[in-house]
Amino acid sequence: MPCGLQVALYKSVPTRLLSRAWGRLNQVELPHWLRRPVYSLYIWTFGVNMKEAAVEDLHHYRNLSEFFRRKLKPQARPVCGLHSVISPSDGRILNFGQVKNCEVEQVKGVTYSLESFLGPRTCTEDLLFPPATSCDSFKNQLVTREGNELYHCVIYLAPGDYHCFHSPTDWTVSHRRHFPGSLMSVNPGMARWIKELFCHNERVVLTGDWKHGFFSLTAVGATNVGSIRIYFDRDLHTNSPRHSKGSYNDFSFVTHTNREGVPMRKGEHLGEFNLGSTIVLIFEAPKDFNFQLKTGQKIRFGEALGSL
């Protein structure tokens with residue numbers, strides 16, 4: 001079967017409906033006697049390290065959703081304090097580096113448009129910049145300080161990974177953009193197969209500023225990830241039954257009573273997925289910012305991504 005037809009067939013699968021059904025199944029309370037065998041099978045299949053969990057007793061978790069969203073022991077993930085940016089989650093590094101020509105690599109050799117991924121700039125985000133008229137001008141809007149470059153890092157969370165994510169640095173979140181989108185698988189094999197996969201999928205884009213300028217963290221949904229939760233954003237509701245293709249909705253955390261937005265400290269709890277997915281960081285930093293990574297390496301929340 002031609003590759004294009006295979007992709008078209010896969011895109012026609014009702015992944016959002018299936019993910020909502022999976023989400024409801026995850027909420028079903030398991031009988032006490034069934035919890036250990038069910039969770040043990042999952043632990044064996046995906047290599048989960050339960051010795052890191054805040055609660056190791058499998059009988060404690062009433063349903064699959066609680067088990068997926070298990071918390072860690074406080075000392076399990078020490079936060080690196082000497083570096084500018086830490087990993088916001090456990091996972092595997094799919095790609096990283098400078099953003100070139102407004103194209104970002106989801107995996108090596110497969111790119112997506114920066115503007116399609118983040119969406120257009122709005123007046124509520126930054127009044128200093130006019131609307132972008134070209135790819136380069138869109139990128140230039142994000143780079144607010146002379147001498148800085150735009151960087152990106154893509155982290156894939158497998159089903160067996162710790163599913164919460166944290167603040168990768170000290171920054172202030174001023175804006176949230178929610179793209180309803182699809183819920184296709186984001187495993188590396190699928191990311192190589194479908195161009196602009198991250199732009200098709202449901203995602204929550206948080207944008208703001210850190211000490212070097214623009215900073216953003218995007219949580220990308222995936223099949224069976226019927227929920228992306230941001231702890232400080234009670235108005236966010238993901239994987240709703242109805243949405244218009246290509247639509248998005250904006251929410252500003254900057255108000256008359258709060259002109260600063262939402263301050264986040266490095267390592268602070270930020271949100272969670274209901275299974276596994278992808279986090280994309282896009283931020284500006286001085287030209288001497290250096291990633292301390294290798295493509296494909298495993299990384300844990302709190303470890304350094306890069307430094308100045």
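No experiment lies behind these values; they were computed from the predicted model shown. All chains use their own residue numbering, which begins from 1 and follows the written sequence. It should be noted that, the model being predicted, local features are given only for residues of pLDDT at least 70 and side-chain atom pairs only at 80 or more, the latter also being counted only at that level, while totals for whole chains, interfaces and linings use all residues. To get the side-chain values, all heavy atoms of the structure are used, and hydrogens and water are removed first.

Chemist: Looking at this model, I keep getting lost on the sheet that holds strand 10 (residues 228-230). Mind explaining?
Modeler: Sheet strands associate in pairs through backbone hydrogen bonding, adopting either a parallel or an antiparallel arrangement. One requirement defines pairing of two strands: DSSP has to find at least two bridges between them. Elements are defined by DSSP. Helices are runs of H or I of four residues or more, strands are runs of E of two residues or more, and each kind is numbered from the N terminus. Taken in spatial order, the three strands line up as 6-13-10 in an open sheet, and their pairing is antiparallel. Edge positions in the sheet fall to strand 6 (164-166) and strand 10, since each has one partner strand and no second. Geometrically, the sheet is characterised by an average inter-axis angle of 20 degrees between neighbouring strands, direction not taken into account. Bridge analysis of strand 6 against strand 13 (residues 269-273) gives three bridges, and the strand direction is antiparallel. When the bridges of strand 13 are listed, histidine 166 appears paired with histidine 269. Axis lines are fitted to C-alpha atoms, over the contacting stretch for helices. Their N-to-C directions set the angle, which ranges from 0 to 180 degrees.

Chemist: Just to check I follow, could you spell out the UniProt feature "modified residue: Pyruvic acid (Ser)" (unreviewed entry) in the protein for this structure?
Modeler: UniProt positions are given in the numbering used here, feature names are shortened, and annotations may be inferred rather than shown by experiment. Look at the UniProt record and you will see "modified residue: Pyruvic acid (Ser)" (unreviewed entry) annotated at Ser277. Accessible area is worked out with a 1.4 Å probe on protein chains only. A residue is then buried under 20% of its type maximum, exposed over 50%, and partly exposed in between. Residue serine 277 is classed as buried on the basis of its relative accessible area, which comes to 0%.

Chemist: How should I be thinking about the UniProt feature "active site" (unreviewed entry) in the protein in this particular structure?
Modeler: Using the residue numbers shown here, the UniProt feature "active site" (unreviewed entry) corresponds to Asp90, His166 and Ser277. A maximum C-alpha distance of 14.3 Å places the annotated residues, which cover 188 residues in sequence, within one compact spot. With respect to the element layout, aspartate 90 can be found in the loop between strand 1 (85-86) and strand 2 (91-98). We classify aspartate 90 as buried; its relative accessible area is 6%. Here arginine 77 takes part through its side chain, which lies 2.6 Å from a polar atom of the side chain of aspartate 90. Polar contact is the term for a pair of N or O atoms within 3.5 Å; when the atoms are in protein, one must be able to donate a hydrogen and the other to accept it, and sequence-neighboring residues count only if both atoms are side-chain atoms.

Chemist: Is there a simple way to think about the sheet that holds strand 15 (residues 290-291) in this case?
Modeler: Read from one edge to the other, the open sheet built from three strands follows the order 1-17-15, with strand pairing classed as antiparallel. In the strand order of this sheet, the two ends are held by strand 1 and strand 15, each with one partner. Across two bridges, strand 15 lies against strand 17 (residues 304-307) in antiparallel orientation. Among the inter-strand pairings, phenylalanine 291 is bridged to a residue of strand 17, identified as glycine 306.

Chemist: Sorry if this is basic, but what is going on with the environment of phenylalanine 273 here?
Modeler: With respect to the helices and strands, phenylalanine 273 occurs in strand 13. A residue is classified by how much of its surface remains accessible, and phenylalanine 273, at 0% relative accessible area, is buried. Sequence separation between phenylalanine 273 and isoleucine 228 is 45 residues; the distance between their C-alpha atoms is 5.0 Å.

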